[in-house]
Amino acid sequence: MDTIHFELLPEASTSAESLTVTTDECYHEESTTDTVRMVLNFGVGSVIGITGICLNTILLLLFSRLSFRNTNYLYLYILAFFDIVVESCFILIFSLSSYYEYFENYELYVAWHNYLRAVSTIGQVLILASSVLIVLASFERYMCSSSKTPGFDPTTRGQLIFCVILYAFIVKGTVFAELTLKHEPHCDPFSDWHIQQSTLASHESFYYRWWMFHGRNVLSVFLPFSLLCVLNFLTFRNINRKSKHFEAMLLEGPTMLLPQDAQQALVTRERKRDATYTLFALVSVYLFSNLINATLTFWEYIDRDGLAGGFGTAYRYLADISSILTTAATSFRLPIYWACNRELRNHLSAFIGEFSTSSLKKRLSVKHEVMV
């Protein structure tokens, strides 16, 4: 029986759940959802996804009150929006897929197959856009750490963010055309709807071999992963050097740095340090959450047949865990901001305090200025 495997949500072609569909008409697809996968995807995954939607909604409300558009907080605002959509896509694809398979819910089975192509494409585009956006923010932070430059000016930052989104659409937007929905109304329930790869994405095609399997994995998995590792290392090396130099200047006394200037410099240094630690934490969580993803993708390159054969069950469990970790990385950015950035922590504390004592209309009318 000829089967077709395709990627759904995460960046790597196999780091998410790979579903098996068939070209045979009226074939009832064998369910791969056991109790463990049901608990992982529908139980743990849904809780993480819903929690992430709530926390990132709080961030969106907070940033909508701040004058952030001309600051590097713009990255965090866009990330919060992307994260909400990604978390919703995870629930719609993985959680509900496990639910309809485990409980044999035919209505959900039909709905899932009809929205899968669009939701999968949106999710993959925004996951890549988020990854490259973090790379861009890391590069700007590296620039700030290596010189006295304040980073990109607002116009340049906006243009670069647009280029990031365009890049994600170019690399991942074709996913919609790579899948096709097949309906066989004469077949029995659970064998009448199938998602399969289109002719464009046939395993024998040049497009599949050189773009889907090689080119896109490099551009969407290995390249962001590698760049973030390098940028993080270089930024912290620069920060450590500047810290030692700054401390030496303070020890020189007022002949080198006036007390008022020293106080101003300390405040600026603390803000930059908080921003660097916040970004470092985001990057570290990203790298950790994508470690399995990158490992599975590399495994595909060296032993694709063995991965799909003898390690099928272990592979599916690892793919599910990878998907959940990817979603968890987007769901818990607010605790990272709270722990690493004092300025954002103060804004969050004020927002939560007002939320508990004032009406929503009054709270949204208050504007806070972001200090850069």
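Computed from a prediction, not measured in an experiment: that's the story for all the values here.

> Would you mind going over the environment of Ser31 in detail, with residue names and values included?
The residue Ser31 is located in the loop between strand E2 (19-22) and helix H1 (35-64) in this model. With 69 residues separating them in the primary sequence, Ser31 and Tyr100 have C-alpha atoms 9.9 Å apart.

> An account of a nonpolar patch on the surface is requested, with residue identities and associated values reported.
The grouping of Phe162, Leu166 and Ile170 at the surface amounts to a nonpolar patch, some 320 Å² of accessible area in total. Residue position: Ile170 is located in helix H4 (residues 154-172). Accessibility expressed as a relative area gives 54% for Ile170, which makes it exposed.

> Could you give an account of unusual backbone geometry, naming the residues involved and the relevant values?
Unusually for a residue other than glycine, Glu104 sits at a positive phi of about 55 degrees. With respect to the secondary-structure elements, Glu104 resides in the loop between helix H2 (73-103) and helix H3 (106-146). Its identity is not glycine, yet Phe190 carries a phi of approximately 70 degrees, on the positive side. Looking at the secondary structure, you find Phe190 in the loop between strand E3 (179-183) and strand E4 (193-197).

> Give a description of the environment of Ser147 that names residues and reports values.
Structurally, Ser147 can be placed in the loop between H3 and H4. With relative accessibility at 29%, the residue Ser147 sits in the partly exposed group. The sequence separation of Ser147 and Asn238 amounts to 91 residues, and the corresponding C-alpha distance is 9.1 Å.

> Can you break down the packing of H2 against H4 residue by residue, with the values?
For the pair H2 and H4, the least separation of the axes is 11 Å and the interaxial angle reads 25 degrees. In this view, H2 runs roughly parallel relative to H4, as classed from their interaxial angle. As for the relative orientation of H2 and H4, their crossing is right-handed in sense. Seen from H2, the contacting residues are Leu74, Tyr75, Ile78 and Phe82; seen from H4, they are Arg157, Ile161 and Ile165.

> Report on the side chain of Glu178, specifying residues and quantitative values.
Position of Glu178 among the secondary structure elements: in helix H5 (residues 175-178). For Glu178, a relative accessible area of 4% puts it in the buried group. In this structure the side chain of Glu178 is engaged in a polar contact, spanning 2.9 Å, whose partner is the side chain of Arg216. If near-sequence neighbours (up to four positions away) are discounted, Glu178 is found in contact with Gln196, Gln197, Ser198, Leu200, Ala201, Tyr207, Met212 and Arg216.

Conventions and cut-offs
- Residues numbered from 1 in each chain as written.
- Predicted model: local features only at pLDDT ≥ 70, side-chain atom pairs only at ≥ 80, totals over all residues.
- Heavy atoms only, no water.
- Helix = DSSP H or I, 4+ residues; strand = E, 2+ residues; numbered from the N terminus.
- Patch = residues over 30% accessible without salt bridge, like charges linked within 9 Å, V, L, I, M, F, W, Y side chains within 5 Å.
- Areas by Shrake-Rupley, 256 points an atom, 1.4 Å probe, with all protein chains shown as cover.
- Salt bridge = Lys/Arg side-chain N within 4 Å of Asp/Glu carboxyl O.
- Buried < 20%, exposed > 50% of the residue type's maximum accessible area, 1.4 Å probe, protein only.
- Axes fitted to C-alpha atoms, helices over the stretch in contact; angles between N-to-C directions.
- Parallel < 35°, antiparallel > 145°, perpendicular 65-115°, else oblique.
- Left-handed = near helix turned anticlockwise from the far one by under 90°.
- Contact = heavy atoms within 4.5 Å.
- Polar contact = N/O pair within 3.5 Å; in protein donor to acceptor, adjacent residues only side chain to side chain.

These results come straight from atomic positions and should not be treated as a statement about function.
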